Amino acid sequence: MPQSHSTTSTSSLTDRTRAVVTALTDLRPPPTAAPPTGPTARPAPTRPAAVPHPPAPTVPTDGQPVVTQPGNRGTRAPATRACSRPARALAPAPAPGSAPGPAARPAPAPGRPPRRPVPDGVDGVDGVDGPAGCPADARGAWLRFAPVQPLFRARAAQRLAVLAYHGVTDPRSFGAQLDRLRRLATPVSLTAVQEAVAERRPLPARSVLVTFDDADRSVLTHALPALIERDIPAAAFVISELIGTERPFWWHEADFLARHGGRARSLDCGHPSQLLRRLKAMPDPDRRRSLQELRVSADRRPPGQEQLTPADLVALREGGVAIGNHTQGHPCLGRCDDATVRAEITGAHEALTRWLGEPPIAFAYPDGGHDVRAESVLQELGYRLGFLSDHRLGPRLPSHPLQISRLQVDSTTSTRRFDTILSGLEPAYRRWRGQAA
Ligand SMILES: [Zn+2]
């Protein structure tokens, strides 16, 4: 007897939608944590019921608008104080640089999703903008109207969003993004995250931490005034050997030199657009030698790039932007030997301690990828927080404080696409595309 189509109910549609969400988000159960206590305790997060993964996730491809859930108005981050508790013991991490494909994907540690650093660009920033010829906002904007976006937003409310910016090239757009955070999220400080970890107390719902990697001068000139105006705390991770200099970032320098006649033996073959990728893939001594060869052979020197000074770092801190360690020279730690990994972290640590009068407590992995040797050095030095560039949301109580996920964003990102990044939908969609490729 044929089955009646009338049995297709709203609830079954909802189940299918949830199945898509589950397949896309690849979220694991939240970490085991003591429930919040005290008068400010919030209700435990409500998670959708577990749904089996479908054989092939169906991603909506139309742009049909749907009514989205109104965002929650955020509350101000409470005043925070420094915490002296030691970092917690950490679980073993995947080998640096390992990013196996879906077929070879290793089983994650209990309660721990595998880390898949965004592979392109410095700190993975290139990966945000997608492949050449595919304007990121054109690709991401339609996701804002995807039927699953409200579900992603609801789930994201129970996650920690750490935004990883680099420079601020569009102050107006950046201001609009901050307005959005003020309206829809709960901006928190680095210290608040540190205290939540130390006290095993989940952060408030919709918590967002704003961070900047590499910290060029636009963080001081453009980002800081916008942050102060909206009372939004942040953190900036600096490359210590550039502070007080006019040296450009090494990846900018290499690109300039290669476009002005620079040659290096290791870079003789291959398309110029692959220069950065090739340099990053080399053992670090080879990268340094190739850079030197480019400097010697190029017919022009790159223009200077005014960097932040030690006094600027103090000004940022006083304005609510905590300063963190991003190594001495921003190598790919996975390409360095053990001694270099240690020297890169401790050298920056000592310089920042000297300039700021106190040791930094947070570190951002250059290139975004976790390195187990780096984590060991960070633990020795008393670091409380370490940040990846894996383009993921994390739990409101970070279970691995030296491996905290971040979302890659850019000051030019439209607010529509910004919403889909904050909700986790755009990152999930990108992961699904990568896995399907
Ligand atoms: Zn960086």
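These numbers come from a predicted model, not from an experiment. (Residues numbered from 1 in each chain as written. Predicted model: local features only at pLDDT ≥ 70, side-chain atom pairs only at ≥ 80, totals over all residues.)

Examining the overall build of the chain
Then, in step 1: Summing up its helical and strand segments, the chain has 15 helices and 9 strands in all.
Then, in step 2: By the burial criterion, 45% of the 437 residues in the chain qualify as buried. (Helix = DSSP H or I, 4+ residues; strand = E, 2+ residues; numbered from the N terminus. Buried ≥ 20, exposed ≤ 12 C-beta atoms within 10 Å, placed from the backbone.)

A look at the environment of serine 423
Then, in step 1: Structurally, serine 423 can be placed in helix 14 (residues 415–423).
Then, in step 2: The exposure class of serine 423 is buried, given the 29 C-beta atoms found within 10 Å.
Then, in step 3: C-alpha of serine 423 to C-alpha of alanine 154: the two residues are 269 residues apart in sequence and 8.0 Å apart in space.
Then, in step 4: Once you skip the residues sitting within four places of it in the chain, serine 423 turns out to touch Gln149, Phe152, Arg153 and Ala156. (Contact = placed C-beta atoms within 7 Å.)

Here's the deal with the confidence of the model for the chain
Then, in step 1: Of all residues in the chain, 66% attain a pLDDT of 70 or more, and the chain-wide mean is 75.
Then, in step 2: Counting contacts from residues 26–121, a segment whose pLDDT is below 50, to residues more than four positions away or on other chains yields 148 contacts.
Then, in step 3: Segment residues 125–135: pLDDT under 50, and 17 contacts once partners within four positions in sequence are set aside and those in other chains are kept. (pLDDT = per-residue confidence, 0-100.)

Description of the packing of helix 4 (residues 149–156) against helix 14
Then, in step 1: Relative to each other, helix 4 and helix 14 sit at 55 degrees, their axes nearing to 8 Å. The orientation of helix 4 with respect to helix 14, classified from their angle, is oblique. Contacts from Gln149, Phe152, Arg153 and Ala156 in helix 4 reach Thr420, Leu422 and Ser423 in helix 14. (Axes fitted to C-alpha atoms, helices over the stretch in contact; angles between N-to-C directions. Parallel < 35°, antiparallel > 145°, perpendicular 65-115°, else oblique.)

What about the pairing of strand 5 (residues 321–325)?
Then, in step 1: Counting buried residues in strand 5 gives 5 out of 5 residues, a clear majority hidden from the surface.
Then, in step 2: Bridging between strand 4 (residues 234–238) and strand 5 involves 5 bridges; their strand directions are parallel. Each bridged residue has a counterpart across the sheet, and for alanine 234 the counterpart in strand 5 is valine 321. (Pairing = 2+ DSSP bridges.)

Some points on the pairing of strand 3 (residues 207–214)
Then, in step 1: Within strand 3, 8 of the 8 residues are buried, leaving the element largely enclosed by the surrounding structure.
Then, in step 2: In the sheet, strand 1 (residues 159–165) pairs with strand 3 via 5 bridges, with the strands oriented parallel. By the bridge assignment, valine 162 is partnered in strand 3 with leucine 209.
Then, in step 3: Between the parallel pair strand 2 (residues 186–187) and strand 3, the chain is carried across by helix 6 (residues 190–199), and the sense of this crossover is right-handed.
Then, in step 4: As a crossover connection, the stretch from strand 3 through helix 7 (residues 217–230) into strand 4 is right-handed. (Right-handed = clockwise from strand over helix to strand, strands pointing away.)

Topic: unusual backbone geometry
Then, in step 1: Even without glycine at this site, alanine 215 takes up a positive phi of about 50 degrees.
Then, in step 2: Alanine 215 sits in the buried class, given 30 other C-beta atoms within 10 Å.
Then, in step 3: For histidine 391, which is not a glycine, the phi torsion comes out positive at approximately 60 degrees.
Then, in step 4: Structurally, the position occupied by histidine 391 is in the loop between strand 7 (385–387) and strand 8 (394–395).

Re the environment of phenylalanine 152
Then, in step 1: Here phenylalanine 152 is to be found in helix 4.
Then, in step 2: Sequence separation between phenylalanine 152 and alanine 428 is 276 residues; the distance between their C-alpha atoms is 9.6 Å.

With respect to the packing of helix 12 (residues 338–356) against helix 13 (residues 372–381)
Then, in step 1: Relative orientation of the contacting elements helix 12 and helix 13 amounts to 40 degrees, with a least axis distance of 9 Å. Taken together, the axis directions place helix 12 and helix 13 in an arrangement best described as oblique. Our pair here, helix 12 against helix 13, has a crossing hand that is right-handed. Taken together, the residues of helix 13 that come into contact with helix 12 (itself represented by Asp338, Val341, Arg342, Ile345, Thr346 and His349) are Arg373, Ala374, Val377, Leu378 and Leu381.
Then, in step 2: Tallied by class, residues from the contact of helix 12 with helix 13 come to 6 nonpolar, 2 polar and 3 charged. (Left-handed = near helix turned anticlockwise from the far one by under 90°. Nonpolar A, V, L, I, M, F, W, Y, C, P; charged D, E, K, R; others polar.)

Here we look at helix 7
Then, in step 1: Over its 14 residues, helix 7 runs 20 Å from end to end, which matches the ideal 20 Å to within 8%, given 1.5 Å per residue.
Then, in step 2: The largest bend in helix 7 is about 45 degrees, located at alanine 223, with the proline proline 225 one to four residues further on.
Then, in step 3: Regarding helix 7, the residues found buried are Val219, Leu220, His222, Ala223, Leu224, Ala226 and Leu227.
Then, in step 4: Looking at the buried side of helix 7, the elements it contacts are helix 5 (171–184), strand 3, strand 4, helix 11 (310–318) and strand 5.
Then, in step 5: One or two positions beyond helix 7, positive phi appears at aspartate 231, with a value near 55 degrees. (Expected span 1.5 Å × (residues − 1). Bend = angle between axes of the 7 residues up to and from the residue.)

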